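# Per-entry structural report
So the chains spell out like this:
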Amino acid sequence: MNRPIGIFDSGVGGLTVFHEVMKRLPEEDLIYFGDTARVPYGIKSAETVTRYSMEITRFLMGQEIKLLIVACNTASSVAIPALQSAFTIPVLGVLLPGARAAVRYSTRRRIGVIGTEATIGSSAYVAAIRDLDTRIDVHTQACPLFVPLAEEGWGGHPIAGAVAREYLEGLSRTGVDTVVLGCTHYPLLKGAIGKIMGEAVTLVDSALETATEVQSLLLDRRLARTDNAEPLRKYFVTDAPERFRKVGERFLQHPLPNVEKVTL
Ligand code: DGL
């Protein structure tokens, strides 16, 4: 089907998901929406994040998307049921692909989940993992400072190492064998996180797992693109397109032309 896929996040972080989807499905038209005027979502209530998510999806429906990817872990944790009941297109968050992958990779049934305060507070990851296997022990930890560190480009800085130690030492003592990077920004701190958790612990990158599930969903529902025209890439933000471009290029590992500012 020759209509675009919509991907939204609270800001630039979801470009990690956009990047993986673009790599796996280079022929698909992709529209990104970053709610830069209202970021961060990770410290807001479920009610507010759900309202924002509904407004963004309404905007993307106006762009005639065929599928919605909720790239923001916080929105995926709290807003998916509301989006699925309000809209008729398939809605896929990053939470379930990440949870499924963690259950698959875990050898000792001990899984760690890290994310924003709102994601961890919602317990949505714990519920999703336990739904898949009730015998799994899930340990969680909010790591709010990872978001600004990633945006500042300090994912590999010694400060990131010190912050990671502070947040994760307790989690590393629980004996988890798999950790879900339950936030768009955390793949940029993989090195620092891996160093504290140890080499034996598998880090699950939700962005990558989501791209794999999107590919299967397009095939299963016969939604894959069928023509050979040049794929469309469009980026919408609600504020500061220049900053989005500058910071976003680090997340996307790709130049970001045509960023358009819109009001919802
Ligand atoms: N995109 C958010 C997430 O994945 C992180 C940034 C924010 O708090 O808005 O949870």
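In what follows, the accompanying structure is described.

What counts as what
- Residues numbered from 1 in each chain as written.
- Predicted model: local features only at pLDDT ≥ 70, side-chain atom pairs only at ≥ 80, totals over all residues.
- Heavy atoms only, no water.
- Near = heavy atom within 4 Å.
- Polar contact = N/O pair within 3.5 Å; in protein donor to acceptor, adjacent residues only side chain to side chain.
- Areas by Shrake-Rupley, 256 points an atom, 1.4 Å probe, with all protein chains shown as cover.
- Buried < 20%, exposed > 50% of the residue type's maximum accessible area, 1.4 Å probe, protein only.
- Helix = DSSP H or I, 4+ residues; strand = E, 2+ residues; numbered from the N terminus.
- Pairing = 2+ DSSP bridges.
- Salt bridge = Lys/Arg side-chain N within 4 Å of Asp/Glu carboxyl O.
- Axes fitted to C-alpha atoms, helices over the stretch in contact; angles between N-to-C directions.
- Parallel < 35°, antiparallel > 145°, perpendicular 65-115°, else oblique.
- Contact = heavy atoms within 4.5 Å.
- Nonpolar A, V, L, I, M, F, W, Y, C, P; charged D, E, K, R; others polar.

The local shell around the ligand holds 13 residues, among which Asp9, Ser10, Tyr41, Gly42 and Thr74 are the closest. In this structure, Ser10 approaches the ligand through a side-chain N or O atom, which is 2.6 Å from an oxygen atom. Between an oxygen atom of the ligand and a side-chain N or O atom of Thr74, the distance comes to 2.6 Å. Across the complex, the protein chains shield 99% of the 300 Å² of accessible surface that the ligand would expose by itself.

The buried fraction of strand 5 (residues 110-115) amounts to five of the six residues, a majority that puts the element mostly inside the structure. As paired strands, strand 5 and strand 6 (residues 137-142) are joined by six bridges and run parallel to one another. Bridging across to strand 6, Gly115 finds its partner in Ala142. Here strand 5 runs beside strand 7 (residues 178-182); their pairing, made up of five bridges, is parallel. Its bridge partner being in strand 7, Val113 is matched across the sheet by Val180.

Applying the stated criterion across every chain yields a total of 15 salt bridges. With its nearest N and O atoms 2.8 Å apart, the salt bridge here joins Arg38 to Glu55. With Arg38 in the loop between strand 2 (30-34) and helix 2 (46-62) and Glu55 in helix 2, the pair connects residues that are 17 residues apart, well separated along the chain. In this structure Arg38 comes out as buried when scored by relative accessible area, which is 19%. Since its relative accessible area comes to 23%, Glu55 is described here as partly exposed.

In helix packing, the relevant descriptors are the interaxial angle and the interaxial distance, both defined with respect to the helix axes. Where helix 5 (residues 95-105) contacts helix 11 (residues 206-220), the axes come no closer than 8 Å and their chain directions differ by 105 degrees. What the angle tells us is that helix 5 and helix 11 run roughly perpendicular. Every residue of helix 11 that contacts helix 5 at Pro97, Gly98, Arg100, Ala101, Arg104 and Tyr105 is listed here: Ser206, Glu209, Thr210 and Glu213. Among the residues forming the contact of helix 5 with helix 11, the class breakdown is three nonpolar, three polar and four charged.

The linkage connecting Val39 with the following residue, Pro40, adopts the cis geometry, with an omega of 5 degrees. Among the structural elements, Pro40 can be located in the loop between strand 2 and helix 2. Of note in this structure, Ser123 is not a glycine but carries a positive phi near 60 degrees. Counting through the fold element by element, Ser123 comes out in the loop between helix 6 (117-122) and helix 7 (124-132). The backbone of Arg222 sits at a positive phi, close to 55 degrees, despite the residue not being glycine. You can see Arg222 is positioned in the loop between helix 11 and strand 9 (233-237).

So, about the side chain of Ser106. Tracing the sequence through the fold places Ser106 in the loop between helix 5 and strand 5. Its relative accessible area of 13% is what places Ser106 among the buried residues. Of the polar contacts made by the side chain of Ser106, one reaches the backbone nitrogen of Arg110; its length is 3.5 Å.

This part covers helix 1 (residues 15-24). Among the ten residues in helix 1, eight count as buried, and that is most of the element. Every buried residue of helix 1 is listed here: Leu15, Thr16, Val17, Phe18, His19, Glu20, Val21 and Met22. Buried positions along helix 1 lie against strand 1 (5-9), strand 2, strand 3 (67-70), helix 11, strand 9 and helix 12 (241-252).

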